[in-house]
Amino acid sequence: MAAAGGSKGPPTVAERTRSFAEMVSATPQPIPEVRVPFRNPKVVDGEICVQFSTEEIERSAAPFRYAMVMKFLKQRPSLDQIRGFINGRWGLVSPPVVSAMRKPRNVFVRFSLEADFIKAMSRESSEINGVNYRNFQWTVDFSEDMEPVMAPVWIKLPGLSPNFYHEAYLRNITAPVGNLLRRDNATTCATRTDGARVCVLMDISKPPVQQVWIGLPRQPSSVLQEFVYETLPAFCSKCNTQGHNIGTCKLLVKDMGKKKVSNLVWRPHQTIENEQMLVLGKGEIEKLMEKNKERWGI
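Residues numbered from 1 in each chain as written. Predicted model: local features only at pLDDT ≥ 70, side-chain atom pairs only at ≥ 80, totals over all residues. Heavy atoms only, no water.

Draft legend 1. Broad picture of the overall build of the protein. Across its full length, the protein holds ten helices and 15 strands. By the burial criterion, 29% of the 298 residues in the protein qualify as buried. Sequence separation of at least 24 residues holds for 59% of the intrachain contacts in the protein that already meet a minimum separation of 6. With the model as given, the accessible surface of the protein reaches about 19,700 Å², and the carbon-plus-sulfur share is 56%. (Helix = DSSP H or I, 4+ residues; strand = E, 2+ residues; numbered from the N terminus. Buried < 20%, exposed > 50% of the residue type's maximum accessible area, 1.4 Å probe, protein only. Contact = heavy atoms within 4.5 Å. Areas by Shrake-Rupley, 256 points an atom, 1.4 Å probe, with all protein chains shown as cover.)

The structure is reproduced here in structure tokens:
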């Protein structure tokens, strides 16, 4: 007989099991141990060092193969706010482990599933609680002091025949650009057939590939496929930072200013021009320096 008032009975075994599984998945678990033989430290050139082989380092990184770094562009939200935002809005299968890094604006996010990692890396909205961030794939070579050259970029392949919308075909077609992360939903379901749209992890320090031949070049049966980059991040090789290029790098301008001052050479026979520089404005001084850079050794 049903309980009076339609009250719900005690939870079933399946409900209790599911709740326990959810609690376990939400609780950080110890990373799998990777064992290496013990080796005594060495002293090389008076410095103490320990060494691991390339294979050992690769094995040590296995638990973090689906990890990314979020760099917030100003003071970041708290870790609890970031966890709540990710778990509530990103639509992941399993909650990731979110932790702080050495630099206060950086956050380390470790996923347990490749699908969740790809979804996070290729998100088109890069903000949490109104604070924008840049995301980077973590590797053993990652350094918080310089940003990697690899970045996720959405590109369009206008006019691509829908029979090439399969992931394996798109992975080959976009290989000259970078590593395919995922297709958008319209490409996956072939509900838009005017071209494909994909997210690719690419090296933004190099000139972007503009097109690729599908088939042998200039053959009647071949197609020249164009790549259209929606938003191509800038990269500065001077300060190893995304978001601006070397032409607008403040560090480069600062260094150039110091170099100009340090390279000035006093020439007694240029007394008149040097005296004029004392009363000229900043713009006029720069013009005069440019005009006489060879004579003054700038």
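Draft legend 2. The arrangement of the nonpolar core in detail. Formed by 25 residues in total, the largest nonpolar core has its most connected members in Met68, Met70, Trp90, Phe111 and Ile128. Among the elements of the structure, strand 3 (67-72), helix 3 (79-89), strand 5 (106-110), helix 4 (114-121), strand 7 (131-137) and strand 10 (195-203) are those that each provide at least two residues to this core. If sequence neighbours within four positions are ignored, Ile128 has contacts with Met70, Phe72, Pro77, Ile82, Phe85, Ile86, Trp90 and Tyr133. In this structure, Leu160, Leu180, Ala196 and Val212 belong to the second largest nonpolar core, which totals 20 residues. (Core = buried A, V, L, I, M, F, W, Y, C linked by side-chain atoms within 4.5 Å.)

Draft legend 3. Inspection of the environment of Leu157 at higher detail. By the secondary structure assignment, Leu157 is in strand 8 (residues 150-158). Taking the relative accessible area as the measure of exposure, Leu157 reaches 0% and is therefore buried. Between the alpha carbons of Leu157 and Tyr229 there is a distance of 9.1 Å; along the sequence they are 72 residues apart. Sequence-distant contacts of Leu157, defined by excluding residues within four places in its chain, comprise Leu170, Ile173, Thr174, Gly195, Ala196, Val198, Gln225, Glu226 and Phe227.

Draft legend 4. Spatial organisation of the sheet that holds strand 10. The sheet built from four strands is open, its strands ordered 9-10-8-13 with antiparallel pairing. Both outer strands of the open sheet, strand 9 (178-183) and strand 13 (228-229), are each paired with one neighbouring strand and no more. Note that strand 9 and strand 10 share five bridges and pair antiparallel. Bridge assignment links Asn179 to a residue of strand 10, and that residue is Leu201. (Pairing = 2+ DSSP bridges.)

Draft legend 5. Helix 3, seen in detail. Those residues of helix 3 not exposed but buried are Leu79, Ile82, Phe85 and Ile86. For helix 3, the arc enclosing every buried residue in end-on projection is 130°, short of the 170-degree limit, so these residues lie on one face. Residues of helix 3 that are exposed and point more than 90 degrees away from the buried face comprise Asp80 and Gly88. Looking at the buried side of helix 3, the elements it contacts are strand 3, strand 4 (97-100), strand 5 and strand 6 (127-128). After helix 3 finishes, the residue Gly91 shows a positive phi value of roughly 65°. (Arc of directions from axis to C-beta.)

Draft legend 6. Highlighting the sheet that holds strand 5. Sheet architecture is open: five strands sit in the order 4-5-3-7-6, paired in antiparallel fashion. Bordering the open sheet on either side are strand 4 and strand 6, each of which pairs with just one other strand. In this structure, strand 6 lies alongside strand 7, joined through two bridges in antiparallel fashion. When the bridges of strand 7 are listed, Glu127 appears paired with Asn132.

Draft legend 7. Geometry of the packing of aromatic side chains. Evaluation of the coordinates by the stated rule reveals eight aromatic pairs. Consider the rings of Phe64 and Phe108, whose centres lie 6.2 Å apart with planes at 70°: the pair is edge-to-face. Taken together, the positions of Phe64 in the loop between helix 2 (54-60) and strand 3 and Phe108 in strand 5 put the pair 44 residues apart, joining distant regions of the chain. An angle of 65° between the planes, with centres 6.3 Å apart, marks the rings of Phe111 and Phe117 as edge-to-face. (Phe/Tyr/Trp six-rings, centres within 6.5 Å; stacked < 30°, edge-to-face > 60°.)

Draft legend 8. Summary view of the side chain of Glu144. Its location among the elements puts Glu144 in the loop between strand 7 and strand 8. One buried charge, Glu144, has no salt-bridge partner; the nearest side chain with opposite charge is Arg102, at 4.1 Å. Engagement of the side chain of Glu144 in a polar contact is seen with the backbone nitrogen of Arg102, the distance being 3.2 Å. Of the polar contacts made by the side chain of Glu144, one reaches the side chain of Asn106; its length is 2.9 Å. Each residue touching Glu144, except ones within four places of it in the same chain, is listed here: Met101, Arg102, Lys103 and Asn106. (Lys, Arg positive; Asp, Glu negative; His and termini not counted. Salt bridge = Lys/Arg side-chain N within 4 Å of Asp/Glu carboxyl O. Polar contact = N/O pair within 3.5 Å; in protein donor to acceptor, adjacent residues only side chain to side chain.)

Draft legend 9. Just the pairing of strand 4, in detail. The pairing of strand 4 with strand 5 spans four bridges and is antiparallel. Within strand 5, the residue paired with Val97 across the bridge is Arg110.

Draft legend 10. Seen up close, the pattern of salt bridges. In the structure shown here, the tally under the stated rule is 14 salt bridges. Between Glu147 and Lys71 there is a salt bridge, with its nearest N and O atoms 2.5 Å apart. Note that Glu147 is positioned in the loop between strand 7 and strand 8 and Lys71 in strand 3, a separation of 76 residues in sequence. Taking the shortest distance from any N to any O, the salt bridge between Arg134 and Glu147 comes out at 3.1 Å.

Draft legend 11. Structural detail: the pairing of strand 8. Pairing between strand 8 and strand 10: nine bridges, direction antiparallel. Residue Leu157 lies in a different strand from strand 10, and its bridge partner there is Ala196. The pairing of strand 8 with strand 13 spans two bridges and is antiparallel. Note that in strand 13 the partner of Lys156 across the bridge is Val228.

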